[in-house]
Amino acid sequence: MARNTLTPDQIVRAAFQLLDEEGLDGLNTRSLGARLGTAATAVYWHIKTKDELVRLAGDAVWSEVELPDLDTMDWRPAAAAMAGSMHAMLTRHPWLGQVFGSHLLYGPGKSRHDDHSLALYEKAGFAPEDADRAAATVFVHVLGSALGAAAQVSLTRRLSRSGDPEKALADTMAAATEVAMHFPRLRERLDGSAAAEYAAAPDRTFEFGLGTILDGFEARLTKEN
């Protein structure tokens, strides 16, 4: 691909595909140039720094979050749908959780999401300042719930570079279990028939937490009205 035919959109799309495969540490101009079929330096004709490239890629994935129609849906199912779509997006792109802690993110994709979220909670009946708090509460819950999956992907990728990731994880889990068995509530959950259920519990944490948050919102709105 010749330099003068390269576009910023092509660069950004290639960047977040590379991020999906290699993580934040794997994003560099040489790998990006190889993916685009161009010289690494050609990227800088369009996007000047790696930080800017990460910001653009980080904003682009927000367009994947589905925004429910607030004219046809009640606020609570709309909130659940929007939070679920955001959670799925963060799980598909585990590097984004890393980026939140290391880069300043902004752009039309995230602003579109945030504006719709505020409209949703205003429709529910919250005053603007409480709509801000409600939207932020759900946002933090979704982000925190998705970090576990992101950390697992990142850890597996790192362990793969140095050996057998499955063996390393199994050895670590065995060591962690040995330590946990000295504590009564952890021992009860890890020992015997309850172990499988305990191991599966985190899979339901997102839904449990979101439902509890929305229950609280609903109770608050009922009390205020």
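Overview of the structure. (Residues numbered from 1 in each chain as written. Predicted model: local features only at pLDDT ≥ 70, side-chain atom pairs only at ≥ 80, totals over all residues. Heavy atoms only, no water.)

Next up on the list: the overall build of the protein chain. Per the secondary structure count, the protein chain includes 11 helices and zero strands. Counting from the amino terminus, the protein chain carries its helices and strands in the arrangement α-α-α-α-α-α-α-α-α-α-α. Relative to its 225 residues, the protein chain shows a buried fraction of 36%. Sequence separation of 24 or more characterises 70% of the internal contacts of the protein chain that already satisfy a separation of 6 or more. Only carbon and sulfur atoms are counted for the fraction: they give 56% of the accessible area of the protein chain, which is about 13,000 Å². In the protein chain, the 23 positive side-chain charges and the 31 negative ones have mean positions that sit 6 Å from each other. (Helix = DSSP H or I, 4+ residues; strand = E, 2+ residues; numbered from the N terminus. Buried < 20%, exposed > 50% of the residue type's maximum accessible area, 1.4 Å probe, protein only. Contact = heavy atoms within 4.5 Å. Areas by Shrake-Rupley, 256 points an atom, 1.4 Å probe, with all protein chains shown as cover. Lys, Arg positive; Asp, Glu negative; His and termini not counted. Charge placed at Lys NZ, Arg CZ, Asp CG, Glu CD.)

Let us look at the pattern of salt bridges. Throughout the structure, instances matching the rule amount to eight salt bridges. Between Arg76 and Glu218 there is a salt bridge whose closest N-O contact spans 2.8 Å. One end of the pair, Arg76, is in helix α4 (residues 75–92); the other, Glu218, is in helix α11 (residues 205–224), with 142 residues separating them in the sequence. Since its relative accessible area comes to 36%, Glu218 is described here as partly exposed. With a shortest N-O distance of 2.8 Å, Asp114 and Lys110 are connected by a salt bridge. Of this pair, Asp114 and Lys110 both sit in helix α6 (residues 108–124), four residues apart, roughly one helical turn. Residue Asp114 is classed as partly exposed on the basis of its relative accessible area, which comes to 26%. (Salt bridge = Lys/Arg side-chain N within 4 Å of Asp/Glu carboxyl O.)

A few words on the packing of α4 against α11. Taken N-terminus to C-terminus, the directions of α4 and α11 make an angle of 150°; their axes are 11 Å apart at the nearest point. Our classification of the angle between α4 and α11 gives roughly antiparallel. Of the two elements, α4 crosses α11, and the hand of that crossing is right-handed. Each of Trp75, Arg76, Ala79, Ala80, Ala83, Gly84 and His87 in α4 lies in contact with α11, whose residues at this interface are Phe206, Leu210, Gly211, Leu214, Asp215, Phe217, Glu218 and Leu221. Within the contact of α4 with α11, the residues separate by chemical class into nine nonpolar, three polar and three charged. (Axes fitted to C-alpha atoms, helices over the stretch in contact; angles between N-to-C directions. Parallel < 35°, antiparallel > 145°, perpendicular 65-115°, else oblique. Left-handed = near helix turned anticlockwise from the far one by under 90°. Nonpolar A, V, L, I, M, F, W, Y, C, P; charged D, E, K, R; others polar.)

What follows covers a nonpolar patch on the surface. There is a patch of nonpolar side chains on the surface, built from Val179, Phe183 and Leu186 and spanning about 260 Å² of accessible area. As for its placement among the helices and strands, Phe183 is situated in the loop between α8 (165–180) and α9 (184–190). (Patch = residues over 30% accessible without salt bridge, like charges linked within 9 Å, V, L, I, M, F, W, Y side chains within 5 Å.)

The next thing to look at is the side chain of His87. Its location among the elements puts His87 in helix α4. Setting aside anything within four residues of it in sequence, one finds His87 in contact with Val142, Ser145, Ala146 and Phe206.

What follows covers helix α1 (residues 8–22). Helix length check: α1 (15 residues) gives 20 Å between terminal C-alpha atoms against 21 Å at 1.5 Å per residue, within 8%. If you check which residues of α1 are buried, you get Ile11, Val12, Ala14, Ala15, Phe16, Leu18 and Leu19. Two residues or fewer after α1 comes Gly23, characterised by a positive phi angle close to 80°. (Expected span 1.5 Å × (residues − 1).)

Once that is clear, we can look at α11. Compared with an ideal rise of 1.5 Å per residue, which puts 20 residues at 28 Å, α11 spans 29 Å between its outermost C-alpha atoms and is within 8% of the ideal. Within α11, the full set of buried residues consists of Phe206, Gly209, Leu210, Ile213, Leu214, Phe217 and Leu221. All buried residues of α11 project into a common sector of 125° when viewed along the axis, lining one side. Exposed residues lying more than 90 degrees from the buried face of α11 are Phe208, Thr222 and Lys223. (Arc of directions from axis to C-beta.)

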